[in-house]
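# What the coordinates show
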Amino acid sequence: MSQVWNLLLQGMVNSLLFLYDVLAHNFALSIAVFTVLVRLLTLPFTLPAQRSAKAQQELQPEIEKIRKKYAKDKEKQTQETMKLYKEKGINPAMGCLPMFLQLPIMFAFYQSIVKALANTPLQMVSLGKFASPSLSQLVPLGSRFLWLDLGYPDPLYILPILVVATTWIQQKVATPPSTDSQAASMTQSMQITMPLMFGFITMSLASGLAVYFVISNVVGIAIQYFITGGGGLLPQRGKKGK
Amino acid sequence: MRRIMTGPKVVLWLFIIVALLTGCRGGAPLTSWPGLTVVEDMVYVAAGAKVYALEADTGNQKWEFPGEEKKGPFYATPAHFVLDGQSTGVEEGLVFVGSNDNNLYALDAVTGNQRWSFATQKPIIAGPAVAGDTVYVASADSKVYALEAATGVGRWEFTTGNWVWATPLVADDKVYVGSMDHKMYCLDAESGQKLWEFKADGAIATTPTLAGDLLYFGAFDSKVYALDTASGEKKWEFQSGAWVWSQPLVVGDTVYVGSMDKAVYALDAASGQKKWEFATDGAVLASPAFAEALLYVASEDKQLYALDATTGQKRWRFTAQTSIFAPPALADGVVYTCSQDGRVYALNAGNGNQRWVFPRTEQ
């Protein structure tokens, strides 16, 4: 298992180094391009999840009816809901399973950025084990970009703010308006907590990772918008006047 | 149903955050490896957040820096210096140690008390070099500094094109230092003026070794180079299988050098031809040490090997609890080594039997 993981990491580290080589030794640009590529490559995992979410969203009125009808029998409520999903050919697990499948890719990407930005001897030893000999001449990577040293946190906190903003927008776009007040309240709480938490973490992470978060969020927002519309961010498409 | 779906999503988010906090942050406790220096009857060790002075015979601790109540940043390999005491008439020992907090500290060798410090702009990764009354220290701020050893007052500084992670070598009024900008520089020790530079195909993090009129060093292009010290001209190069971080050791007509390809090589000093190689199970970052026809090689595979220097045959090996990246040191029939967990071992150089370990296991 660790060999598969190392192979994945090796591929990603060397892809980043290759992009750095061909993109005028600009590591921020390499991260941005690689992020877009990774998001596109993981589309087969994310699209079914987003389509499943959209289908579930469209069934909300019927689910609400079941909820009201069996308000005092939670077991029956669940059974009927699952029956409805089955009739409509929706697998609710599709909302989560693809996320689990793409998690290793996300983690490998985080780790490969951290590895490529090695700025301590032990990190450099680790990079030395993954970088191919033909790309080793690029090490250490030039980590300056605008006001940033990509191996260190953003001193101006601009990237953490962008991470908070884009994470919030992505969650808003990804989450359809809910008719259930309890669920809506929980979702709202998550939508505030998660971006702040990510922003807080970003304050102490290498700013190269923050670049990844921002680009990844922007791509995610675009994909989500074209599939399911504005979610909770904008009035839903085709629902005006109802 | 929405409530049913919310649970797993929360778990997923938390999973991501935990992974970020544990796996992706640069704040790992160890950023480099320990280093030790043996001077007469003392072993000075920089291990993680502390510098220790230990009695070479017993391993008993004489002092630690910073004091018990404090935990410092990472410290690089110490260097020892004897102040001639012209003004006081009393010789005083100083221990110089660079730190991850950007400072070079001068400590009293007897008490461990701080005498002075000198601030650079970025972490000091490598140990300093001392020659005459000058201490030379390199920093990740891309500079090499020459300081008055007694006071820490700056004499000159030289700027390279990238981080300097290697200890400078001072010999024959020249300072040789490798930089992560891929260049080996030769500087005038008195003025810091550049005499020549040589560009390798990869970053240089090794301290060079001088033998005769050749300068030997390795680089991240997986090569070992031999340069003419007068001109900086390349005499030969040897291609290993991975980055070379280990400082070459020259004994007679043989260059011994470790590589991250897990091997240690014996090369002909004049031509670079391979005489033999010995494979370990981990990267060899440390410079080998030599005594009594034995070559001592530390490896990431937690072993300290004693090899026949002529044939490369293994004589004995000692297993530590963690990887060994620090170069071993030899004195009076004892080989000292320090593993990544900060343990210092004193071993009988002839057979590898352990004499003492610091800290003591019962502590």
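Definitions and limits used
- Residues numbered from 1 in each chain as written.
- Chains lettered and ligands numbered in written order.
- Predicted model: local features only at pLDDT ≥ 70, side-chain atom pairs only at ≥ 80, totals over all residues.
- Helix = DSSP H or I, 4+ residues; strand = E, 2+ residues; numbered from the N terminus.
- Contact = placed C-beta atoms within 7 Å.
- Buried ≥ 20, exposed ≤ 12 C-beta atoms within 10 Å, placed from the backbone.
- Core = buried A, V, L, I, M, F, W, Y, C linked by C-beta atoms within 7 Å.
- Axes fitted to C-alpha atoms, helices over the stretch in contact; angles between N-to-C directions.
- Parallel < 35°, antiparallel > 145°, perpendicular 65-115°, else oblique.
- Left-handed = near helix turned anticlockwise from the far one by under 90°.
- Nonpolar A, V, L, I, M, F, W, Y, C, P; charged D, E, K, R; others polar.
- pLDDT = per-residue confidence, 0-100.
- Expected span 1.5 Å × (residues − 1).
- Arc of directions from axis to C-beta.

All right, on to the overall build of chain B then. Regarding its fold elements, chain B presents one helix and 32 strands. Summarising the internal contacts of chain B: among those between residues at least 6 apart in sequence, 39% fall at separations of at least 24.

On to the overall build of chain A. The secondary structure content of chain A amounts to 10 helices and two strands. When the helices and strands of chain A are placed in sequence order, the string is α-α-α-α-α-α-α-β-β-α-α-α. Looking at chain A as a whole, 38% of its 242 residues qualify as buried. Considering only intrachain contacts with a sequence separation of at least 6, the fraction spanning at least 24 residues in chain A is 76%.

Now for the nonpolar core. Soluble, globular proteins show a tendency: their nonpolar side chains are buried together. In terms of nonpolar packing, the biggest core is built from 167 residues, with Ile113 of chain A together with Leu36, Val43 and Val45 of chain B touching the most fellow members. It is helix α10 (residues 207-228) of chain A that provides the largest number of residues to this core, a total of seven residues. Sequence-distant contacts of Val43 of chain B, defined by excluding residues within four places in its chain, comprise Leu36, Val38, Leu54, Ala56, Tyr336 and Val344 of chain B.

Turning next to the packing of helix α2 (residues 27-41) of chain A against α10 of chain A. Residue and element names in this part refer to chain A. At a minimum axis distance of 9 Å, the contact between α2 and α10 shows a crossing angle of 40 degrees. Judged on the interaxial angle alone, α10 and α2 are oblique. In the crossing of α2 with α10, the sense of the turn from one axis to the other is right-handed. In contact with Phe27, Ala28, Ile31, Ala32, Thr35, Val36 and Arg39 of α2, α10 contributes Gly208, Val211, Tyr212, Ile215, Ser216, Val219 and Gly220. Here the contact of α2 with α10 is composed, by residue class, of nine nonpolar, four polar and one charged.

Residue and element names in this part refer to chain A. Of all residues in chain A, 86% have pLDDT values of 70 or greater, and the mean over the chain is 82. Helix α3 (residues 43-58) is the least confidently modelled element of chain A, averaging 75 in pLDDT, while helix α7 (residues 121-130) averages 94, the highest of any element. Note that residues 238-242 has pLDDT below 50 and, in this model, one contact with residues that lie over four places away or in other chains.

Residue and element names in this part refer to chain A. Given a rise of 1.5 Å per residue, 21 residues ought to cover 30 Å, and the 30 Å separating the end C-alpha atoms of helix α1 (residues 2-22) matches this to within 8%. Of all the residues in α1, the buried ones are Met12, Val13, Leu16, Leu17 and Tyr20. Down the axis of α1, the buried side of the element spans an arc of 135 degrees, and every buried residue falls inside it. Across from the buried face of α1, at angles greater than 90 degrees, the exposed residues are Gln3, Val4, Leu7 and Val22. Immediately beyond the C-terminal end of α1, within one or two residues, lies Ala24, with a positive phi of roughly 55 degrees.

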